[in-house]
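Examination of the molecular architecture
Listed below are the residues making up each chain.
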Amino acid sequence: MLDLKDIQQANATIKPYITETPLLRMQNLDRYLGCSVYIKAECMQITNAFKLRGALNKILSLDKNKLQNGIVTASSGNHGRACAYAAKLLGIPSTIVIPEGAPKIKIENIRKLGAEIVQCPATERFRVAERICEEKNAAFIHPYDDEYVMAGQGTAGIEIIGQLPDVNTVVVPLSGGGLLSGISTAIKGLSSARVIGAEPENIARYTASLKAGKPVEVEQKVTVADALLSNHPGQKCFPIVSQNTDEIATVSEHFIKQAQKLLLCEGKIFAEPSACTGIGALLQGNFSVAEKEKVCFFVSGGNCAIEQLEAIKDIQY
């Protein structure tokens, strides 16, 4: 199973290719959230999301012969952009399978990198990607359920502890579980901090799975958190999340929007809705913090078009 050494190795592998994103003290948000607020601004990563870490670590682990026919992935957007970026960097072709209805900005960002884009219903994207992979004899890069991908995402956890050694709590957006698997392994391996995952109430796959004691599939509902669309935990991710995460909190659509507006207007951070689930879950009162507690919210991405802000125009915080 994934361990700290895997993440440290990933850190050495990808360090030349990524940005060490800033960890920002956000005093303006303290009175709204009831704690000492810190933001790990992964929205400032090269591809404007954390996904570049895991994609690079996985792709760089593969033999050149395995990569000669390129890579294929299924993605809700950010992982696709990361894979397209890595493929361009290495001079290999890439095909990205992305859900119909994905934000136009995410599709355009992938297209600009020279990737082939295939769109299909969200529930079919993995089947379509696997079929294309067989046809092209290409390498499949899973967006979350892969130990190299998880280790790459965990490098952000190493950075958090390096930047804020006395952090008390780290709050991480949650979908398939690759990000939370990696970060929780790093945080628990380097500190005694609490780790909380935050997932949309509309697709609460980990809440349901932890209750069942095994990975289960939930109904694929619509959520404004368009980067958190997986309706089931990763098989490899689930035991790691179960072991290393102190709490899973859900968040409603309203509070995701409220968090996005708060982060933009008071924190001056332009984040996509999915990146705001942790702040939203706390605003909703779905986990508790103490007044002096140092809480780091992992702002996972910033791939959001200006037009999408229309959805939060009338939201009050």
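Residues numbered from 1 in each chain as written. Predicted model: local features only at pLDDT ≥ 70, side-chain atom pairs only at ≥ 80, totals over all residues. Heavy atoms only, no water.

**Focus: the overall build of the protein**
- Looking only at helices and strands, the protein has 13 helices and ten strands in total.
- Computed over the C-alpha atoms, the radius of gyration of the protein is 18 Å, within 12% of the 20 Å expected from 2.2 N^0.38 for a compact globule of 317 residues.
- With the C-alpha coordinates aligned to their principal axes, the bounding extent of the protein is approximately 55 × 40 × 40 Å.
- Counting all 317 residues of the protein, 60% fall into the buried class.
- Taking as baseline every contact in the protein between residues at least 6 positions apart, the subset at least 24 positions apart corresponds to 74%. (Helix = DSSP H or I, 4+ residues; strand = E, 2+ residues; numbered from the N terminus. Rg over C-alpha atoms; globule rule 2.2 N^0.38 Å. Buried < 20%, exposed > 50% of the residue type's maximum accessible area, 1.4 Å probe, protein only. Contact = heavy atoms within 4.5 Å.)

**Topic: the nonpolar core**
- Formed by 43 residues in total, the largest nonpolar core has its most connected members in Ile160, Val167, Val170, Ile183, Ile187 and Phe298.
- Mapped by element, the contributors of at least two residues to this core are α1 (4–14), β3 (71–74), α7 (125–136), α8 (147–163), β7 (169–173), α9 (178–190), α11 (237–244) and β10 (294–299).
- Of all the elements, α8 adds the most residues to this core, at six residues.
- Every residue in contact with valine 170, bar those within four places of it in the chain, is listed here: Ile160, Ile183, Ile187, Arg194, Val195, Ile196 and Cys296. (Core = buried A, V, L, I, M, F, W, Y, C linked by side-chain atoms within 4.5 Å.)

**Description of a nonpolar patch on the surface**
- Residues Tyr17, Leu89 and Leu90 make up a contiguous nonpolar surface patch of roughly 250 Å² in combined accessible area.
- Relative to the elements of secondary structure, leucine 89 occurs in helix α5 (residues 78–90).
- On the basis of relative accessibility, which here comes to 44%, the residue leucine 89 falls in the partly exposed class. (Patch = residues over 30% accessible without salt bridge, like charges linked within 9 Å, V, L, I, M, F, W, Y side chains within 5 Å. Areas by Shrake-Rupley, 256 points an atom, 1.4 Å probe, with all protein chains shown as cover. Salt bridge = Lys/Arg side-chain N within 4 Å of Asp/Glu carboxyl O.)

**So, the pattern of salt bridges**
- Counted according to the given criterion, the structure contains 16 salt bridges.
- Residue glutamate 199 pairs with arginine 205 through a salt bridge whose shortest N-O separation is 3.2 Å. Considered together, glutamate 199 and arginine 205 belong to a single accessibility category, that of buried residues.
- A network of salt bridges, in which partner residues are shared, links Lys40, Glu42, Arg53 and Glu159.

**Things to note about the sheet that holds β10**
- On the basis of which strands lie adjacent, the open sheet formed by six strands has the order β1-β2-β10-β7-β8-β9 and mixed pairing. Each having just a single partner strand, β1 (23–25) and β9 (247–251) make up the two edges of the open sheet. For this sheet, the mean inter-axis angle between neighbouring strands, taken without regard to orientation, is 25°.
- Inspection of the sheet shows strand β2 (residues 36–41) paired to β10 by six bridges, in the parallel sense. Counted as the bridge partner of isoleucine 39 is phenylalanine 297 from β10.
- Packed onto the sheet, helix α12 (residues 253–265) meets β2, β8 (194–200), β9 and β10 and runs at close to 90° relative to β9. (Pairing = 2+ DSSP bridges. Axes fitted to C-alpha atoms, helices over the stretch in contact; angles between N-to-C directions.)

**Here's the deal with the pairing of β9**
- For β9, a buried count of four out of five residues is recorded, marking the element as mostly surrounded by other parts of the structure.
- Both β8 and β9 contribute to a ladder of five bridges, which runs parallel. Within the sheet, the bridge partner assigned to proline 200 lies in β9 and is valine 251.

**Here we look at the sheet that holds strand β4 (residues 94–99)**
- Spatially, four strands are ordered β5-β4-β3-β6 in an open sheet, and the strand pairing comes out parallel. Each edge of the open sheet carries a strand with a single partner, namely β5 (116–120) and β6 (139–140).
- The pairing of β3 with β6 spans two bridges and is parallel. Residue pairing in the sheet places valine 72 in a bridge with phenylalanine 140 of β6.

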